[in-house]
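Structural overview
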Amino acid sequence: MGDRCGITRGEHHGRMTAQLVARLAVVDDHPVVAEGIRRILEEHAPGVTWVGVATSYAGLLDALREWDPLPDVVLYDLDLRDGSTTEDGIAQLHSRGVTVVICTGEFRPIPIRDAVRAGAMGVMLKGDPPERMVDVITSAAAGDFAVSGDVAHLLISDEALTPKLAPREIEVLQLLASGIPRKVIGKRMSPPVAETTVITYFKRAVQKYRDLGRQVETPQDAVRAAVHDGFLRPIE
């Protein structure tokens, strides 16, 4: 991290408080969201130096060549809708010693967990109180993992929220979601499988959701559930 990142002690309304001192940037495809975060930090974390905003993965790569010095912490949106993955951005930032905190309005457990496994040091939900958001940034800047509330914690840790779908089960659901007819799906898989095997994969996926008490009766229901959980990207 940069030399400016740290915690100082100050007095606010007669009591001692910890103040975050760090350089911070945001990667989010909605500039209005980034502006809202900037205003929150101005009010609640005056020790933060605002570095800038990137609205895409390509924009992040450009910004990393321009930002000097680099930010200590980057708030990274979960889905930039540009074909990139959050893990791509985390890898680029980690290679430069920058700490990443996921900042999202989504409630899809799988991509959040993937980002944490890739090295994100915190998760904040955009609807959480500003004080909690600052707490997460402060902890991440100090090298400690943090989440902004109980919901964020559950999205990361509660295994009962999502089934354990096997890669081939996810593959058949992805092909079905993309519009491939069921009778053709087996031929499109790698390696190809028989139609009866495709039906087995569908049945297993449906049953895994039903075992969790989810209202999933058909492969199409399983597709919708898998999109909701983040196994599949949202269908445009």
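Residues numbered from 1 in each chain as written. Predicted model: local features only at pLDDT ≥ 70, side-chain atom pairs only at ≥ 80, totals over all residues. Heavy atoms only, no water.

Considering the overall build of the protein
Our working rule: By definition, any uninterrupted DSSP run of H or I lasting at least four residues is a helix, any uninterrupted run of E lasting at least two residues is a strand, and each is numbered from the N terminus. Summary of the burial criterion: residues with accessible area below 20% of their type's maximum are buried, those above 50% are exposed, and those between are partly exposed, where the area comes from a 1.4 Å probe applied to protein chains only. Any two residues whose heavy atoms approach within 4.5 Å at even a single point are treated as in contact. Accessible surface area values rest on a Shrake-Rupley calculation with a 1.4 Å probe, where residue burial reflects the displayed protein chains alone. Asp and Glu are treated as the negative residues and Lys and Arg as the positive ones, with His and the ends of the chain left uncounted. In plain terms, the charge of a residue is placed at NZ if it is Lys, CZ if Arg, CG if Asp and CD if Glu.
Looking only at helices and strands, one finds 10 helices and 7 strands in the protein. For the protein, with 236 residues in total, the buried portion stands at 46%. In the protein, the share of contacts with a sequence separation of at least 24, taken over all contacts with a separation of at least 6, comes to 61%. Summed over all atoms, the accessible surface of the protein reaches about 12000 Å², with 53% contributed by carbon and sulfur. Across the protein, the mean location of the 27 positive side-chain charges is 8 Å away from that of the 33 negative side-chain charges.

Structural notes on the pairing of strand 6 (residues 122–125)
Our working definition: In this scheme, strands are said to pair when DSSP sees at least two bridges between them. A clockwise course of the path from the first strand over the helix to the second, judged with the strands pointing away from the viewer, identifies a crossover as right-handed.
Burial along strand 6 is two-sided: G122 and M124 and V123 and L125, pointing in opposite directions, are all buried. Of the strand pairs in this sheet, strand 5 (residues 99–104) and strand 6 are connected by 3 bridges, and their pairing is parallel. Looking across to strand 6, one finds that T104 is bridged to L125. Traced from strand 5 through helix 4 (residues 109–118) to strand 6, the parallel crossover comes out right-handed. Regarding the hand of the β-α-β motif, the stretch spanning strand 6, helix 5 (residues 130–141) and strand 7 (residues 146–147) is left-handed.

What to know about unusual backbone geometry
A negative phi angle characterises most non-glycine residues, just as the trans form characterises most peptide bonds. Residue P69 follows D68 across a cis peptide bond; omega there is 0°. With respect to the helices and strands, the residue P69 is situated in the loop between helix 2 (57–66) and strand 4 (73–76). The linkage connecting S190 with the following residue, P191, adopts the cis geometry, with an omega of -5°. The topology assignment puts P191 in the loop between helix 8 (182–188) and helix 9 (195–211).

Some words on helix 10 (residues 219–229)
A large share of helix 10 lies buried, amounting to 8 of its 11 residues. Within the span of helix 10, buried status applies to P219, D221, A222, V223, A225, A226, V227 and D229. Where helix 10 is buried, its residues touch helix 4, helix 7 (167–177), helix 8 and helix 9.

Concerning the layout of surface pockets
Operational definition: Computed over the protein atoms alone on a 1 Å grid, cavities are sets of points where a 1.4 Å probe fits but cannot get out and pockets are open sets with protein on both sides within 12 Å along at least five of seven lines; a residue lines them when it has an atom within 4 Å of a point. Grid points are joined across faces, edges and corners, and a volume is the space filled by probe spheres set on the points. Following the grouping adopted for this structure description, the nonpolar residues are Ala, Val, Leu, Ile, Met, Phe, Trp, Tyr, Cys and Pro, the charged ones are Asp, Glu, Lys and Arg, and the polar ones are all others, Gly among them.
Looking at the second largest pocket, its volume works out to about 260 Å³. Elements that contribute at least two residues to the lining of the second largest pocket include exactly helix 3 (86–94) and helix 4. For the lining of the second largest pocket, the class distribution of residues is 5 nonpolar, 4 polar and 5 charged.

Section: the packing of helix 9 against helix 10
Operational definition: Convention adopted: a line fitted to C-alpha atoms gives each axis, helices being fitted over their contacting stretch, and angles between N-to-C directions are expressed from 0 to 180 degrees. Roughly parallel covers angles under 35 degrees, roughly antiparallel covers those over 145, roughly perpendicular covers 65 to 115, and oblique covers all other angles. Handedness of a crossing is defined here by the sense of rotation of the near helix relative to the far one, left-handed for an anticlockwise turn of less than a right angle and right-handed for a clockwise turn.
The geometry of helix 9 relative to helix 10 is characterised by a closest axis approach of 9 Å and an angle of 60° between their N-to-C directions. Accordingly, the angle class assigned to the pair helix 9 and helix 10 is oblique. Two packed elements cross with a definite hand, and for helix 9 against helix 10 that hand is left-handed. Contact residues: helix 9 offers F202, V206 and Y209, while helix 10 offers P219, A222, A225, A226 and D229. Classifying every residue of the contact of helix 9 with helix 10 gives 7 nonpolar, no polar and 1 charged.

Quick word on the packing of aromatic side chains
Given two aromatic rings, their pairing is described by the distance between the two centres and the angle made by the two planes. The cut-off we apply is this: Centres within 6.5 Å make a pair out of two Phe, Tyr or Trp rings, where for Trp the six-membered ring is used; the pair is then stacked when the planes are under 30 degrees apart, edge-to-face when over 60, and tilted otherwise. Sitting over a ring, as applied to charges here, requires NZ of Lys or CZ of Arg to be within 6 Å of the ring centre and within 35 degrees of the ring normal.
Applying the stated rule across the entire model yields 0 aromatic pairs. The lysine or arginine in question, R182, covers the ring of F202, its NZ or CZ lying 5.9 Å from the ring centre.

A closer look at the packing of helix 2 against helix 3
Relative to each other, helix 2 and helix 3 sit at 10°, their axes nearing to 10 Å. It follows from the interaxial angle that helix 2 and helix 3 lie roughly parallel. Listed contacts from helix 3 to Y57, L60, L61 and L64 of helix 2 are D88, G89, Q92 and L93. Of the residues assigned to the contact of helix 2 with helix 3, the class counts are 5 nonpolar, 2 polar and 1 charged.

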